[in-house]
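What follows is each chain in one-letter form.
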Amino acid sequence: MEEVSNTMITEQPNAVESSASTNSKIIENPENTLKPKVLKAKKRKKPKDSTAPRVPLTGYVRYLNDRREAVRSTNPNLTFADITKMLASEWSNLPVNKKQQYLDAAEQDRERYTKEYNAYKQTEAYKIFTQQQNEKKIKEVKEKEDIVKIPNLAYNNHPGLNKDQQDVDYGNFDIPIFTEEFLDHNKTRDTELRQLRKINIDFEQQNAILSKHIENMKMAISKLEFELIQQEKNNLSLNKHLNHLKNTLIDGFGGTVLPGIKDVATIQNIDNYMTNLHSILLENSSSHSNLLQVVRDIVGKLEFNG
């Protein structure tokens, strides 16, 4: 009996340790923990009347529609997002004249939509559709108010608020919704948005023209820099040739003394020396016939090729 009891006593800690190790593995294993799934709310599409005119397309969207199939057939492995990125890059680098074709078509389509929409607003279908949408929105707002009614009452009756704070109406807007004033306000904002889009198009055109001017200026600057380098080379060549001429004249006239002038030709006074020699020969060449002959002999022996 003592052996059996001892055996049971020794086996129980092992069983406890085994159970503890198993539990610890379950706790340490992060895969056993359940991760809650995050549900994303679906974005509801804006209701549209089937009799309403077709919404105009922008120049960019028109370009995408024209080029998408061609790019897809050329690059069948690209995803829709990659194709869109590629087309967006093409649109950014598209020449101004080609881009303007799409922008002009978009502007014509927008004018078409404006005329058709103004005519559509006079129809009975527009009035019925607008009334249905207003009733639907009023119903949704009322349902939301019913949901938050009890919390708002509890908040407004809170003992920590004074009477002025309890009387505040947090549902008021500057312009009441679903009214004629609200619709007119939206029309005004829509007109301003169209004007801003047109201004943006004008700025894009001006930027394209300025970019072309900048490119032409860069080309002109490059041309002037090249011509400047060539001119500097020519100046160096002329200076070298001038120094050669001076040295040649000094070698020839270094021992010839001019009448009335004691100095001979040197590198420092060669310019004045030749000026004086020229003046003497022009003023009275007959009286200095010997000097004239000496000059002829020296010049005949000089080599001016440098």
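Residues numbered from 1 in each chain as written. Predicted model: local features only at pLDDT ≥ 70, side-chain atom pairs only at ≥ 80, totals over all residues. Heavy atoms only, no water.

In the nomenclature of an unreviewed UniProt entry, the chain is known as High mobility group protein 20A-like of Diabrotica virgifera virgifera.

Caption draft 1: Broad picture of the overall build of the chain. Along its length, the chain carries 10 helices and zero strands. Listing the helices and strands of the chain from first to last along the sequence gives α-α-α-α-α-α-α-α-α-α. Out of the 306 residues belonging to the chain, those deemed buried represent 14%. When contacts within the chain are restricted to residue pairs at least 6 apart in sequence, long-range pairs at least 24 apart make up 55% of them. (Helix = DSSP H or I, 4+ residues; strand = E, 2+ residues; numbered from the N terminus. Buried < 20%, exposed > 50% of the residue type's maximum accessible area, 1.4 Å probe, protein only. Contact = heavy atoms within 4.5 Å.)

Caption draft 2: Quick peek at the nonpolar core. Of all hydrophobic cores here, the largest spans 14 residues; its most connected members are Phe253, Leu258, Leu277, Leu291 and Val295. Looking at this core, the elements that each hand over two or more residues are α8 (180-253), α9 (270-283) and α10 (289-301). No other element matches α9, which puts five residues into this core. Sequence-distant contacts of leucine 277, defined by excluding residues within four places in its chain, comprise Phe253, Leu258, Leu291 and Val295. Core analysis: the next-biggest nonpolar cluster, separate from the first, contains five residues, Trp91, Leu94, Tyr102 and Leu103 among them. (Core = buried A, V, L, I, M, F, W, Y, C linked by side-chain atoms within 4.5 Å.)

Caption draft 3: Main features of the environment of leucine 94. Along the chain, the position of leucine 94 falls in the loop between α3 (80-92) and α4 (96-120). Among all residues touching leucine 94, those that are not within four sequence positions of it are Tyr63, Lys99 and Tyr102.

Caption draft 4: Main features of a nonpolar patch on the surface. Judged by side-chain polarity, Leu196, Ile199 and Phe203 come together as a nonpolar surface patch covering roughly 300 Å² of accessible area. A residue is classified by how much of its surface remains accessible, and phenylalanine 203, at 45% relative accessible area, is partly exposed. (Patch = residues over 30% accessible without salt bridge, like charges linked within 9 Å, V, L, I, M, F, W, Y side chains within 5 Å. Areas by Shrake-Rupley, 256 points an atom, 1.4 Å probe, with all protein chains shown as cover. Salt bridge = Lys/Arg side-chain N within 4 Å of Asp/Glu carboxyl O.)

Caption draft 5: Expanded view of the environment of leucine 302. For leucine 302, the position within the fold is in the segment after α10. Between the C-alpha atoms of leucine 302 and leucine 249, which are 53 residues apart in sequence, the distance is 7.7 Å. Other than its neighbours up to four places away in sequence, leucine 302 contacts Thr248, Leu249, Gly252 and Phe253.

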